[in-house]
Amino acid sequence: MILYKVNEIFQTIQGEGYFTGVPSVFVRLQVCPVGCAWCDTKQTWEAEPQDEVSFGEIIAKQADSPLWCLASEGDIIKQYQSLGFTAKHIVITGGEPCLYDLKPLTAAFEQLGCQCQIETSGTFEIQCSDKTWVTVSPKIAMKGKLPVLISAMQRANEVKHPVGTLKDIEQLDALLLETKCQHKVGIALQPISQKPRAIELCMQVCIERNWRLSIQTHKYLNIA
Ligand code: SF4
C-alpha cells in the first residue's frame, strides 16, 4: 500500500492553466527537492518527523504550514467524502506530487466519477491513470539541479511555463526542441509575478505564437 504525505486538502476554484475557473479539490502532497527560488509553497519542501500530525489536524489547518500526515488513497477518499466536497475535479499538487506513484490515488478518484489533474515540475517519472490530465510546469535549471524528463514532457497534456524574463522563453524553446513535443501539447505562459514586465512579455509571446496566457487568478482574488 502506498502512503502519501499530505500537506493539505481543500476545495476551491482552479486559478490557473487550462482548467481555470473549474471548482476543484486540491490535494497537496509534501516534499519537493526542486528548489525554485520563487516557490510559493516552500512549506512543502521537507517532511520533518516533528511535523507529522493526524489527518484531522491537516483538515483543521487554517494557514500554510509544513505539517503533514501519512494517508493511503482510501484515507484521502474517505476525507473527500466526509468533508462533503462537491467538486469533481481533483488537482494533485505539491510539493512535487510525482515523487509518489499516483496510480492508486487517481484510480480511486476516477472510481467516484472524478477527473484528476496533476501539476508537476516534470523532474520525476509520472505515474498516474491514463485519463489523468497532466500539467507539466517545467522547472529548468533550478537549485536542485534536476533535469526535466523527456518522458514527462511527452506525457503532458499541457505545458504551463513560469516566465519572468526572456531567458525563460529561450529555455522553454530549447526544451520543446529537445523533447520534440511543441506540436503535440497545449502551451501556456504564466507570468511568475504580477509584475507588468512579466505579463507584457508573456502576452506578446502568446500572441506571436498562438499560445495561451495563464494568469494566477487566485492571487488576484486573494483566495487559496
Ligand atoms: Fe516549489 Fe513547485 Fe518549484 Fe517545488 S517545483 S520548488 S513546489 S514551485
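We now turn to the structure provided with this report.

**With respect to the overall build of the protein chain**
Part 1 of the argument: Regarding its fold elements, the protein chain presents seven helices and nine strands.
Part 2 of the argument: Against the globule reference of 17 Å for 224 residues, the protein chain gives a C-alpha radius of gyration of 17 Å, in line with a compact fold.
Part 3 of the argument: Dimensions of the protein chain, computed from the C-alpha atoms along their principal axes, are close to 50 × 35 × 35 Å.
Part 4 of the argument: Nonlocal contacts in the protein chain, meaning residues at least 24 apart in sequence, comprise 62% of its contacts between residues at least 6 apart.
Part 5 of the argument: Total accessible area on the protein chain is roughly 10900 Å²; 54% of this is exposed by carbon and sulfur atoms.

**Describing the environment of R197**
Part 1 of the argument: Structurally, R197 can be placed in helix α6 (residues 196-209).
Part 2 of the argument: By relative accessible area, R197 is classed as exposed at 65%.
Part 3 of the argument: Each C-alpha atom, one on R197 and one on T165, is 8.2 Å from the other, the two residues being 32 residues apart in sequence.

**Topic: the nonpolar core**
Part 1 of the argument: In terms of nonpolar packing, the biggest core is built from 51 residues, with V6, I76, I90, L102, F109 and L189 touching the most fellow members.
Part 2 of the argument: In contact with I76, other than residues within four places in its own chain, are Y4, V6, I9, V27, F55, A71, L105 and F109.
Part 3 of the argument: Counting residues in each nonpolar core, the second largest holds five residues, with V34, C36, C39 and M142 among its members.

**Structural notes on the site of the ligand**
Part 1 of the argument: Every residue near the ligand is listed here: C32, V34, G35, C36, C39, T41, W45, G95, S121 and K139.
Part 2 of the argument: Considering only residue class, the shell around the ligand consists of five nonpolar, four polar and one charged.

**What to know about the pattern of salt bridges**
Part 1 of the argument: This structure, assessed with the given rule, holds four salt bridges.
Part 2 of the argument: A salt bridge links E8 to R28; the nearest nitrogen and oxygen atoms lie 2.7 Å apart. Of the two residues, E8 sits in strand β1 (residues 4-13) while R28 sits in strand β2 (residues 23-29), which places them 20 residues apart along the sequence.
Part 3 of the argument: Between R209 and D173 there is a salt bridge; the shortest N-O distance is 2.7 Å. One end of the pair, R209, is in helix α6; the other, D173, is in helix α5 (residues 166-179), and 36 residues separate them in sequence.

**A short note on the side chain of E158**
Part 1 of the argument: Considering the arrangement of structural elements, one finds E158 in strand β7 (residues 158-163).
Part 2 of the argument: An unpaired buried charge is present at E158: no salt bridge exists, and K160, the closest side chain of opposite charge, is 6.3 Å distant.
Part 3 of the argument: Engagement of the side chain of E158 in a polar contact is seen with the backbone nitrogen of Y18, the distance being 2.7 Å.
Part 4 of the argument: If sequence neighbours within four positions are ignored, E158 has contacts with G17, Y18, Q117, W133, V134, T135, V136, V185 and G186.

What counts as what
Residues numbered from 1 in each chain as written. Predicted model: local features only at pLDDT ≥ 70, side-chain atom pairs only at ≥ 80, totals over all residues. Heavy atoms only, no water. Helix = DSSP H or I, 4+ residues; strand = E, 2+ residues; numbered from the N terminus. Rg over C-alpha atoms; globule rule 2.2 N^0.38 Å. Contact = heavy atoms within 4.5 Å. Areas by Shrake-Rupley, 256 points an atom, 1.4 Å probe, with all protein chains shown as cover. Buried < 20%, exposed > 50% of the residue type's maximum accessible area, 1.4 Å probe, protein only. Core = buried A, V, L, I, M, F, W, Y, C linked by side-chain atoms within 4.5 Å. Near = heavy atom within 4 Å. Nonpolar A, V, L, I, M, F, W, Y, C, P; charged D, E, K, R; others polar. Salt bridge = Lys/Arg side-chain N within 4 Å of Asp/Glu carboxyl O. Lys, Arg positive; Asp, Glu negative; His and termini not counted. Polar contact = N/O pair within 3.5 Å; in protein donor to acceptor, adjacent residues only side chain to side chain.

Worth remembering: the numbers are spatial, not functional.
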